[in-house]
Amino acid sequence: MEAATEALKAKDYRSGIRAVWCPGCGDYGVLNSVQNAFAAHQLPLNSTVCVSGIGCSSRLPYFLKTYGFHTAHGRSLPVAAGVKLARPDLEVVVFGGDGDLFSIGGGHFPHIARKNMDLTLVMMDNHIYGLTKGQSSPTSSPGSIGSITPYGVPDTSNVNPLAYALTYGATFVAQGFSGKPKQMDAILQEALNHEGFSFVNVLSPCLTFNKVDTTDYFKAAFTDLPEDHDKGNLAAALDRAFNPPAGKVYSGIFFQTRKPTMVENLRAINKKQKADKNMDLNIAVDWFKP
Ligand SMILES: Cc1ncc(C[n+]2csc(CCOP(=O)(O)OP(=O)(O)O)c2C)c(N)n1
Ligand code: SF4
Ligand SMILES: [Mg+2]
């Protein structure tokens, strides 16, 4: 008789490494919700890979017991895509900050989204570079004060991560708040369930360097998407991403649709072309020889 395997609890996903974020940092809440979502899905520790770039938020994979990949600044998405293409059977989850994913890594996001790579991306958006001590990021409001912009950020617009993801073809787009754990747990579980590219923007306040977008500010601003919101309607999702009620920020699942993933598309091509699974790669190298 086979021994029954015990269900993994949220705490079983934690590595022995103590999280070293500042007291009150929103990222603690994200870590808790990630553990809860992993446990809800019973993700096996040995076939789950958490990938990140560089930043306070990008430390998150250290605190998990799954496989992890702390890459270079802004390079989490291409590395994660490589892992998924090489081993489509693995669950690949990417973590990072607004600077990591929209400044230095901004060139990768559109292509991962439009190729519908089967990854879950969790962005911890604190509207600032936390790790490097409070410089403005692409999601900082124009005019806001940063450590090297004491007279205000001279930008005309900031990036709207939800609208950006929707425009580039992400098939799951949601927003949560680290101070609303139940909703965030539910959103992360749905994001992991989704087949295709899922993007979850989590407002995760940096108490140390962002004195404007604080926990209290988000608590007051956060409001659920209207009950009649149709998450299959891209135009409605874009409208709600751009036009929340004055002084408010919407949370919930903005958009979800099922489309072929990159791996499914590649498998379809392989099948159509009757590709040889054991092709000798040296032949491909020969094609490019002068
Ligand atoms: C190539 C390179 N350029 C710059 C840096 C410095 N750097 C490290 S983290 C970071 C920004 C982090 O901001 P964000 O991604 O928003 O993460 P947070 O710390 O706010 O969670 C920068 C500019 C670096 N590590 N590598
Ligand atoms: S500097 Fe900000 S983002 Fe970084 S750990 Fe501290 S509170 Fe969190
Ligand atoms: Mg940041």
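Before going into details, it helps to say that this report is about the structure given with it. (Residues numbered from 1 in each chain as written. Chains lettered and ligands numbered in written order. Predicted model: local features only at pLDDT ≥ 70, side-chain atom pairs only at ≥ 80, totals over all residues.)

## Concerning the overall build of the protein chain
Part 1 of the argument: Helix and strand counts for the protein chain stand at 10 helices and 8 strands.
Part 2 of the argument: Rg of the C-alpha trace for the protein chain: 20 Å, near the compact-globule value of 19 Å for 290 residues, within the 12% margin.
Part 3 of the argument: If you line up the protein chain on its principal axes, its C-alpha atoms span 60 × 55 × 40 Å. (Helix = DSSP H or I, 4+ residues; strand = E, 2+ residues; numbered from the N terminus. Rg over C-alpha atoms; globule rule 2.2 N^0.38 Å.)

## Things to note about the site of ligand 2
Part 1 of the argument: Taken together, W21, C22, C25, D27, C56, N126, G130, L131, C206, L207, T208 and F209 form the complete shell of residues around ligand 2.
Part 2 of the argument: Taken together, the residues of the shell around ligand 2 sort by class into 8 nonpolar, 3 polar and 1 charged. (Near = placed C-beta within 6 Å. Nonpolar A, V, L, I, M, F, W, Y, C, P; charged D, E, K, R; others polar.)

## Quick look at helix α8 (residues 234-242)
Part 1 of the argument: If you check which residues of α8 are buried, you get A237, R240 and A241. Across the axial projection of α8, the buried residues extend over an arc of 105°, all falling on one side. Exposed residues lying more than 90 degrees from the buried face of α8 are A235 and F242. (Buried ≥ 20, exposed ≤ 12 C-beta atoms within 10 Å, placed from the backbone. Arc of directions from axis to C-beta.)

## Looking at the pairing of strand β6 (residues 198-203)
Regular strands have side chains that alternate between both faces of the sheet.
Part 1 of the argument: Most of β6 sits inside the fold, with 6 of its 6 residues counted as buried.
Part 2 of the argument: Of the two faces of β6, the one carrying S198, V200 and V202 and the one carrying F199, N201 and L203 are both buried.
Part 3 of the argument: Where strand β5 (residues 172-177) meets β6, 6 bridges bridge the pair, whose relative direction is parallel. Along β6, the bridge assignment pairs V173 with F199.
Part 4 of the argument: Taken together, β5, helix α6 (residues 181-193) and β6 form a β-α-β motif whose crossover is right-handed. (Pairing = 2+ DSSP bridges. Right-handed = clockwise from strand over helix to strand, strands pointing away.)

## Some thoughts on the site of ligand 1
Part 1 of the argument: Surrounding ligand 1, one finds 20 residues, the nearest of these being G55, G97, G99, D100 and G130.
Part 2 of the argument: Secondary-structure elements contributing two or more residues to the shell around ligand 1 are β3 (91-97) and α3 (98-104).
Part 3 of the argument: If you tally residues by element for the shell around ligand 1, the top one is α3, at 4 residues.
Part 4 of the argument: Taken together, the residues of the shell around ligand 1 break down into 8 nonpolar, 10 polar and 2 charged.

## Quick word on the environment of S47
Part 1 of the argument: Tracing the chain through its elements places S47 in the loop between α1 (27-41) and β1 (48-52).
Part 2 of the argument: A tally of 13 C-beta atoms within 10 Å means that S47 is categorised as partly exposed.
Part 3 of the argument: Expressed as a C-alpha distance, the spacing of S47 and T66, which sit 19 residues apart in the sequence, is 7.6 Å.
Part 4 of the argument: Residues contacting S47, with those up to four places away along its chain left out, are D89, L90 and E91. (Contact = placed C-beta atoms within 7 Å.)

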